[in-house]
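# Structural features, examined
The chain contents come next:
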Amino acid sequence: MAFLRHTRLEHCFVYVSHFANDIPKSAFPADLTRGRKSLNWNGIVPGIVLVTMITAVAFSARNVSGFALFSPMILAVVAGMIYSNVLGTPVHAKAGIAFSQKRLLRFAIVLLGFQLTLGQVVSIGAGGVGIVAATLGATFVFTTTLGRLIGVDAKLAQLIAAGTSICGASAIVATNIVTDARDEDVTYAVASITLFGTVAMLGFPLMVPLLGLDQHAFGLWAGASIHEVAQVIGAGFQNGTQSGEIATVAKLTSVAMLAPMVVALGLMARRRSSSEVAARPPMPWFVAAFVAIVALNSLVTVPAEVKSAMALATTIMLTMGLAAMGLQADISQLRSRGLRPLALAFSAFLFIGCFSLMLVKFT
């Protein structure tokens, strides 16, 4: 059965390769695109089709034994990298890939707001919110400072810091809209936080007996320290229902802090810029929209079916955006970064785990 599943995946990649290279450069009739000056849909559609097919491969791969541990977003990055570095990306698909990487990702981050309410944040108490906030801030400062000391590029260090301290790949994507790092840096950051987040997801539940944590304490520790939302859920519920629920709320509290973090990075970018024209705005539109959606979700009872649909749409669009990043990543440039960024990500992983555990145990 496993052999058959792997064979299907190989066939998927071959099919995607043939199909993508056969995509016509003009996929929409001229009358549908006449008058649209902001977007050239004729040039965008081929890339969107390719990204969609890579996304479908990523979702299908989760049915393969051993791959279910990984989110489709992570699998999409890997699938996109394999495709672009082995088969090559069609030139006429690049505009659509760029569209998926930028516009779709920003809209997906806005939709993340439907997964959080202010009531959820309050439910873990002032102490829990304080632990999450302190862990986030300390980890971000530690990671960026250590990155500077060991010679890691500042933009890459910020991406690793955001992915480790806030909410994994989603935070890396949001942070990069302000930092404007290279695609290879984004891919490197996603890969590193995925590696160590997976280690935390599998290893932290095994440490519960040694650390003497009850369900509430472990849930708070997992939510404050494990990188991805999906990884937090996986680790939290291994220790019981209460632990899983607290871990999820703690992690979503961290997600809520994504907006002020991006604003702070925007302000710092403006100060460093010598020209006000060149400086990026401190409040990108998607951050304001994210905050508005959280407020709406807190004030209005959104039907469960709508929330479920929004969660699925968010996952699909995030996966498409990360597939686009993978399609533009050059493995040779990733290798040129060396081991220092990986050492930085490992150090950040150790710091956030130890620092948050200390707060949980002694506060």
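For the structure itself, consult the block above.
A brief report on the enclosed structure follows. Keep in mind the model is a prediction, meaning the values are calculated, not measured.

We now examine the overall build of the chain. Secondary structure summary: the chain contains 19 helices and zero strands in total. In the chain, buried positions account for 52% of the 363 residues. Across the chain, the fraction of contacts at a sequence separation of at least 24, relative to all contacts at a separation of at least 6, is 80%. For the chain, the accessible area works out to roughly 16,300 Å², and carbon and sulfur atoms hold 66% of it.

Under the defined criterion, the tally for this structure stands at eight aromatic pairs. Arranged with centres 4.2 Å apart and planes meeting at 10°, the rings of F204 and W221 form a pair that is stacked. Here F204 is found in the loop between α10 (183-203) and α11 (208-211), whereas its partner W221 is found in helix α12 (residues 215-225), with 17 residues between them in sequence. Neither residue differs from the other here; F204 and W221 are each classed as buried.

Our next topic: the nonpolar core. Core analysis: the largest hydrophobic core is formed by 101 residues, its most contacted members being I166, V190, L258 and L322. Setting aside anything within four residues of it in sequence, one finds V190 in contact with I74, V77, A169, I172 and L322.

Although it is not a glycine, D180 sits at a positive phi angle of roughly 60°. Structurally, D180 can be placed in the loop between α9 (169-179) and α10. For D180, a relative accessible area of 45% puts it in the partly exposed group.

Time to look at the packing of α9 against α10. As a packed pair, α9 and α10 sit with axes 9 Å apart at the nearest point and diverge in direction by 160°. When the axis of α9 is compared with that of α10, the two are roughly antiparallel. The chirality of how α9 crosses α10 is right-handed. Touching A169, I172 and N176 of α9 are V186, A189, V190 and I193, all from α10. Here the contact of α9 with α10 is built from residues that sort into six nonpolar, one polar and no charged.

Attention now goes to helix α4 (residues 72-87). Given a rise of 1.5 Å per residue, 16 residues ought to cover 22 Å, and the 21 Å separating the end C-alpha atoms of α4 matches this to within 8%. Of all the positions in α4, only P72, M73, I74, L75, A76, V77, A79, G80, M81, Y83 and S84 are classed as buried. Looking one or two places after α4, you find G88, whose phi comes out positive at around 90°.

Of the pockets and cavities examined, the largest pocket occupies roughly 520 Å³. Sorting the residues of the lining of the largest pocket by element identifies α4, α10, α13 (229-236), α14 (241-256) and α17 (304-327) as the ones contributing at least two each. Counting residues per element, the lining of the largest pocket draws most heavily on α17, at five residues. Looking at the lining of the largest pocket residue by residue, the classes come out as 18 nonpolar, nine polar and two charged.

The subject of this paragraph is the packing of α4 against α17. Relative to each other, α4 and α17 sit at 30°, their axes nearing to 7 Å. The angle between the axes of α4 and α17 places the two elements in the roughly parallel class. In the packing of α4 onto α17, the handedness of the crossing is right-handed. Counted together, P72, M73, A76, V77, G80, M81, Y83 and S84 of α4 and T315, L318, T319, L322, A323, G326 and L327 of α17 form the full contact between these two elements. Grouping the amino acids of the contact of α4 with α17 by side-chain chemistry returns 10 nonpolar, five polar and no charged.

How each quantity is defined
- Residues numbered from 1 in each chain as written.
- Predicted model: local features only at pLDDT ≥ 70, side-chain atom pairs only at ≥ 80, totals over all residues.
- Heavy atoms only, no water.
- Helix = DSSP H or I, 4+ residues; strand = E, 2+ residues; numbered from the N terminus.
- Buried < 20%, exposed > 50% of the residue type's maximum accessible area, 1.4 Å probe, protein only.
- Contact = heavy atoms within 4.5 Å.
- Areas by Shrake-Rupley, 256 points an atom, 1.4 Å probe, with all protein chains shown as cover.
- Phe/Tyr/Trp six-rings, centres within 6.5 Å; stacked < 30°, edge-to-face > 60°.
- Core = buried A, V, L, I, M, F, W, Y, C linked by side-chain atoms within 4.5 Å.
- Axes fitted to C-alpha atoms, helices over the stretch in contact; angles between N-to-C directions.
- Parallel < 35°, antiparallel > 145°, perpendicular 65-115°, else oblique.
- Left-handed = near helix turned anticlockwise from the far one by under 90°.
- Nonpolar A, V, L, I, M, F, W, Y, C, P; charged D, E, K, R; others polar.
- Expected span 1.5 Å × (residues − 1).
- 1 Å grid on protein atoms, 1.4 Å probe; cavity = no way out; pocket = protein on both sides within 12 Å on 5 of 7 lines; lining within 4 Å.
- Points joined across faces, edges and corners; volume = space filled by probe spheres on them.

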